[in-house]
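Fold and contact review
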Amino acid sequence: RSPIFGGTTQGGSTITQQLVKLTQNWTEERTITRKLKELILAVELERSYSKDEILNGYLNTAPYGGVEYGVEAAARDYFNKSAKELTLAESAMLSAIPKSPTLLSPYSPSFDREAFVGRQHYVLDLMHQQGYITAEERDAAKKVDVLATVKPRKPKYEGIKAPYFVLTAKEQLEEQL
């Protein structure tokens, strides 16, 4: 199965496990020890927080391509509006991106339009199957060319000669201070 359309190439993670991965500064190294730590932290999160709180935490830390992290920042960057003002088609778009931001973010140099549309439609199909939207709402959202409504990306760090260096230095200063 395709990793873009709901399958995985290896192993799976719950939203809670993904939240743990996003909030820990671990290396990309995949070891049994790290996987066990992730599992323990995920269990502790589920003991301490409700499913809604965990989902909220995930949505506020998930990557949306480029420097966007969190659904609110992504809604403002892509559509110039708050997440609570998004249409169904826009919401499905943002729900699709964290699965693979490199391929599914319209701001990514590696953006794959066909994979994006497939993933967005998959999200809408799941919403319908689970009873969150009607078939009519699903079909109407699929007809919207949501990519045409995405606002052009403005360089967030316009005027900075070496943004990577500046952001790295800022991150190190924040950690030290």
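Our structure is the block above this text.
Residues numbered from 1 in each chain as written. Predicted model: local features only at pLDDT ≥ 70, side-chain atom pairs only at ≥ 80, totals over all residues. Heavy atoms only, no water.

Side note on the overall build of the protein
The test is simple: Working definition: helices are DSSP H or I runs of at least four residues, strands are E runs of at least two. Numbering for both runs from the N terminus. A 1.4 Å probe rolled over the protein chains alone gives each residue an accessible area, and that area as a share of the maximum for its type sets the label: buried under 20%, exposed over 50%, partly exposed in between. The contact criterion used is simple: two residues touch if any of their non-hydrogen atoms lie within 4.5 Å. Residue burial considers only the protein chains on display, and all accessible areas are found by Shrake-Rupley using a 1.4 Å probe.
Per the secondary structure count, the protein includes 9 helices and 0 strands. When its helices and strands are written in sequence order, the protein yields α-α-α-α-α-α-α-α-α. Of all 177 residues assigned to the protein, the portion counted as buried reaches 29%. Relative to all contacts within the protein whose residues are 6 or more apart in sequence, the contacts with residues 24 or more apart total 51%. A total of about 11800 Å² of accessible surface is found on the protein, and carbon and sulfur atoms cover 53% of it.

Overview of the packing of helix α5 (residues 88-96) against helix α7 (residues 113-129)
Think of two packed helices as two axes; the pair is described by the angle between the axes and how far apart they sit. Threshold: An axis is simply a line fitted to the C-alpha atoms; with a helix, the fit covers only the stretch in contact. Between two such axes, the angle follows the N-to-C directions and lies from 0 to 180 degrees. For classification, angles of less than 35 degrees are called roughly parallel, those exceeding 145 degrees roughly antiparallel, those between 65 and 115 degrees roughly perpendicular, and all remaining angles oblique. Handedness of a crossing follows from how the near helix is turned relative to the far one, being left-handed for an anticlockwise turn of less than a right angle and right-handed for a clockwise one. The classification used treats Ala, Val, Leu, Ile, Met, Phe, Trp, Tyr, Cys and Pro as nonpolar, Asp, Glu, Lys and Arg as charged, and all other residues, Gly among them, as polar.
Axis separation between α5 and α7 bottoms out at 8 Å; the angle between their running directions is 110 degrees. The angle between the axes of α5 and α7 places the two elements in the roughly perpendicular class. Here the hand of the crossing between α5 and α7 comes out right-handed. Residues L88, A89, A92, M93, S95 and A96 of α5 form the contact with α7, whose participating residues are F116, R119, Q120, V123, L124 and M127. Here the contact of α5 with α7 is composed, by residue class, of 9 nonpolar, 2 polar and 1 charged.

Concerning α7
Given 3.6 residues to a turn, an α-helix orients residues that are three or four positions apart in the same direction. For the record, the criterion: Multiplying one less than the number of residues by 1.5 Å gives the expected span of a helix.
Given a rise of 1.5 Å per residue, 17 residues ought to cover 24 Å, and the 24 Å separating the end C-alpha atoms of α7 matches this to within 8%. Considered for burial, the residues of α7 that qualify are A115, F116, R119, Q120, V123 and L124. Looking at the buried residues of α7, the elements they touch are α5, α6 (101-104) and α8 (135-143). The first or second residue beyond α7 is G131, which carries a positive phi of 85 degrees.

Overview of the packing of aromatic side chains
Convention followed: A pair of Phe, Tyr and Trp rings is counted when the ring centres sit within 6.5 Å of each other, with Trp represented by its six-membered ring. The angle between the planes then sorts it: under 30 degrees is stacked, over 60 is edge-to-face, the rest tilted.
Under the criterion given, the structure shown has 3 aromatic pairs. With centroids separated by 5.9 Å and ring planes inclined at 50 degrees, the aromatic side chains of F111 and F116 adopt a geometry described as tilted. On the accessibility criterion, F111 (25% relative accessible area) is partly exposed. When its relative accessible area of 0% is taken as the criterion, F116 is described as buried. By the ring-pair criterion, three or more aromatic residues cluster together here, those being Y78, F79 and Y107.

Details of the nonpolar core
The condition is simple: Working definition of a nonpolar core: buried Ala, Val, Leu, Ile, Met, Phe, Trp, Tyr and Cys residues. They are joined through side-chain atoms within 4.5 Å.
Ranked by internal contacts, the top residues of the largest apolar core, which has 31 residues, are Y64, Y78, F79, M93, L94 and I97. Once you skip the residues sitting within four places of it in the chain, M93 turns out to touch Y78, F79, P106, F116, Q120, V146 and V150.

Some thoughts on the environment of T23
With respect to the helices, strands and loops of the structure, T23 is situated in helix α1 (residues 15-23). Since its relative accessible area comes to 43%, T23 is described here as partly exposed. C-alpha separation for the pair T23 and T61, spaced 38 residues apart in sequence, amounts to 7.5 Å.

Description of unusual backbone geometry
One non-glycine residue, N80, lies in the positive phi region at around 60 degrees. Structurally, N80 is set in the loop between α4 (71-79) and α5. Owing to a relative accessible area of 59%, N80 belongs among the exposed residues under this scheme.

Points about α5
Listed as buried for α5 are A89, E90, A92, M93, L94 and A96. Those residues of α5 hidden inside the fold are in contact with α4, α6, α7 and α8.

Structural notes on the packing of α1 against helix α2 (residues 32-48)
Where α1 meets α2, the axes come as close as 9 Å, and the angle between the chain directions of the two elements is 115 degrees. If you check the angle between α1 and α2, you find them roughly perpendicular. For the pair α1 and α2, the crossing hand works out as right-handed. Packed against α1, whose contacting residues are T16, Q17, L19, V20 and K21, the element α2 presents K35, E38, L39, L41, A42, L45 and E46 at the interface.

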